Structures are given as C-alpha cells and as structure tokens.
Amino acid sequence: MEEFNRNVSEYARTPEESGSRPENPAPPEEQSVPEWQASEEFPRGKPRKKKKLSRALPSAAAVVAVAAVLVMAAAGGLLPPRARASIVSASGTDTAITVDVDVTKASDDLACVVYNDFTRRSFPLAEGANTLTAGDLTPGMRYTVAVVMPSALGDVTLDEQTVTTSRLPPVTRFLGIEHECTCNVDGYFHFTMSFLDENGWWTHFRATLTDEAGNVSECVFTDDLLGDQRIDVALRAGLLGRTATFTVTCETSDPDAPQKELVLYTAEVKI
C-alpha cells in the first residue's frame, strides 16, 4: 500500500517538480495563443486609426490685440495720416521728365520722386496743383515717378507711373579734317576726315586736288572712310605749283538738303 501511494505520488508531480518533460509536447506551431491575448495584444484585421491634425484659428482676442497695436501705432505717429494725391500726367524728353501732381489733402514730407537703379530725385509737394521737372536724365532710360509719404514703417506710395526718356535724335554732321602733304617723302597728300552719319545719308565721297593750271588728282578712298586717305601729287598726277585747291564732297539723301551733292570741305593747301 505504501508502495502504491509512492507510485501515485510520483505520477502526480508536475513536470517542473519531476525534472522531466512530457512525452509528447505540442510543437511550437501548434501551440495556441490564448484568445484574450490574441484579441488584445495582437488585434487582427483592425487597422489603426490615424490621428487628425487640426489648426487652431486665431482667437478673437488675438484679432483685437492686432487691431489695438495698429491703432496705437497710428496714434503714436508710426503710420502716416491719410493724404490724398495723384499723378495727373508724366511725360519725358530725351533728358528730362515733367510731372503734374494734384494734391487734394497734403501732409508733412509728401513728395514726388523720380528714380531708377542709378538715381533718385525728390520734390516736395504742396496742396493743390504741382508741376515739377527732373532734368539731366539719361536718354532712352526707364524711370519710375511716384508720390510717396514717408513714415516710421517705410514710404507709403499713393500713386506711381513709369516713363521712358526718348533717345537722342540721330546726328549727321561733318566734324573736321586733318591734312598734310608729304610729297617730298612719298609723293602723296594725306588727309583724315572726322564726321558722324547716324542717319546713313552720306555716300559716294569724293576728294580732289586741283593745281593752279587746272590739273586734277582724285582720291581713291579705302573702306575705312575715317582712316588715312591719300591723293597722288608727284608720282603720276604731276600736279604743278606749290598750292592746290583741296575739296571733299559727298552725296546726301537727307530729305531736307537743298541739293544732292554736299561740299564737306574746301581749302587752299600746300603741295
């Protein structure tokens, strides 16, 4: 009986107490997770909900505070008073801009400015009609014309326009000539002209030397009309005497010219 009880006691021990494992332990893949644990710690088929972000709108107190700051700024002189002025007209020449400004309500330091990246001109304005001119400007340049009112927060622009000065009209003009006879050295009479022909009116230049006997020697111009030119005196032309009449002419297409041929220069020269 005691032996039977001992055997029963041995079989009643738990695996931890007996130090041995069960004969047929369940494989890991067959071991089940308790239902409550699977549903709480590892929920299936239920995606997590994303939290929605929300932006807080400014409160009424904040709006009131901003308004109060602006009122205080105006009361303290940081914001300018409400002046009223407008540009009636603005026009330009090649080197000047003329502006008409109508001021219906003036304020201190109210001004009209004419400026670009290179210059700035300022003119004070008074109540009523104002006419001002900014001179010594650059031809063909764009300028901004503005009525401004300075303040602690920066200039306040009441009105503005842009004006471009006109380009200078093209010039066609004879500027002068230099000449010298080096007949005893190379047998030629040399001269260099200086002129502007931005209109492109002058063509068919002609230069001659006429001696006292009426003999004429003519220049064959090079491609550079402003470069050194020469007229044969002693090589083949055989001009006689010590003086000759030097004349330079050209043809012009100037619509206002009285005649087609234009005499640019004439003088008695030594040869």
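What counts as what
Residues numbered from 1 in each chain as written. Predicted model: local features only at pLDDT ≥ 70, side-chain atom pairs only at ≥ 80, totals over all residues. Heavy atoms only, no water. Helix = DSSP H or I, 4+ residues; strand = E, 2+ residues; numbered from the N terminus. Buried < 20%, exposed > 50% of the residue type's maximum accessible area, 1.4 Å probe, protein only. Contact = heavy atoms within 4.5 Å. Areas by Shrake-Rupley, 256 points an atom, 1.4 Å probe, with all protein chains shown as cover. Core = buried A, V, L, I, M, F, W, Y, C linked by side-chain atoms within 4.5 Å. Pairing = 2+ DSSP bridges. Axes fitted to C-alpha atoms, helices over the stretch in contact; angles between N-to-C directions. Disulfide = S-S within 2.5 Å.

Asks: Tell me about the overall build of the protein, residues and numbers included.
Replies: Along the protein, the regular secondary structure elements total four helices and 14 strands. Per-residue burial for the protein yields a buried fraction of 24% across its 271 residues. Residue pairs in contact within the protein that sit at least 24 positions apart in sequence constitute 56% of those at least 6 positions apart. Counting only carbon and sulfur atoms, one obtains 52% of the accessible surface of the protein, whose full area is about 19,800 Å².

Asks: Explain the nonpolar core residue by residue, including any values.
Replies: Within the largest apolar cluster, 22 residues are counted, with the highest numbers of intra-cluster contacts made by Phe 191, Leu 209 and Phe 246. Not counting residues up to four positions away in its chain, the partners in contact with Leu 209 are Phe 189, Asn 215, Val 216, Ser 217, Ile 231, Val 233, Leu 239, Ala 244, Thr 245, Phe 246, Val 269 and Ile 271. Counting residues in each nonpolar core, the second largest holds 19 residues, with Val 99, Val 103, Leu 125 and Met 149 among its members.

Asks: A description of the sheet that holds strand β11 (residues 216-218) should follow, citing residues and the corresponding values.
Replies: In space, the four strands of this open sheet follow the order β11-β10-β13-β14, with antiparallel pairing throughout. Edge positions in the sheet fall to β11 and β14 (261-270), since each has one partner strand and no second. Across this sheet, the average inter-strand angle for adjacent strands is 20°, counted without regard to direction. The sheet contact formed by strand β10 (residues 202-211) and strand β13 (residues 243-252) spans eight bridges and is antiparallel. From the neighbouring strand, Asp 211 faces β13, where its bridge partner is Ala 244.

Asks: Lay out the pairing of strand β3 (residues 111-115) in plain terms, naming residues and giving numbers.
Replies: The element β3 is extensively covered by neighbouring structure, given that four of its five residues are classed as buried. Remark: four residues form the turn of the hairpin made by β3 and strand β4 (residues 120-124), two consecutive strands paired antiparallel. Pairing between β3 and strand β6 (residues 142-149): five bridges, direction antiparallel. Pairing of Val 113 across the sheet is with Ala 146, part of β6.

Asks: Lay out the state of the cysteines in plain terms, naming residues and giving numbers.
Replies: Within the structure shown, the criterion is met by one disulfide. Covalent S-S linkage joins Cys 181 and Cys 183, the inter-sulfur distance amounting to 2.1 Å.

Geometric values such as these leave the question of function open.
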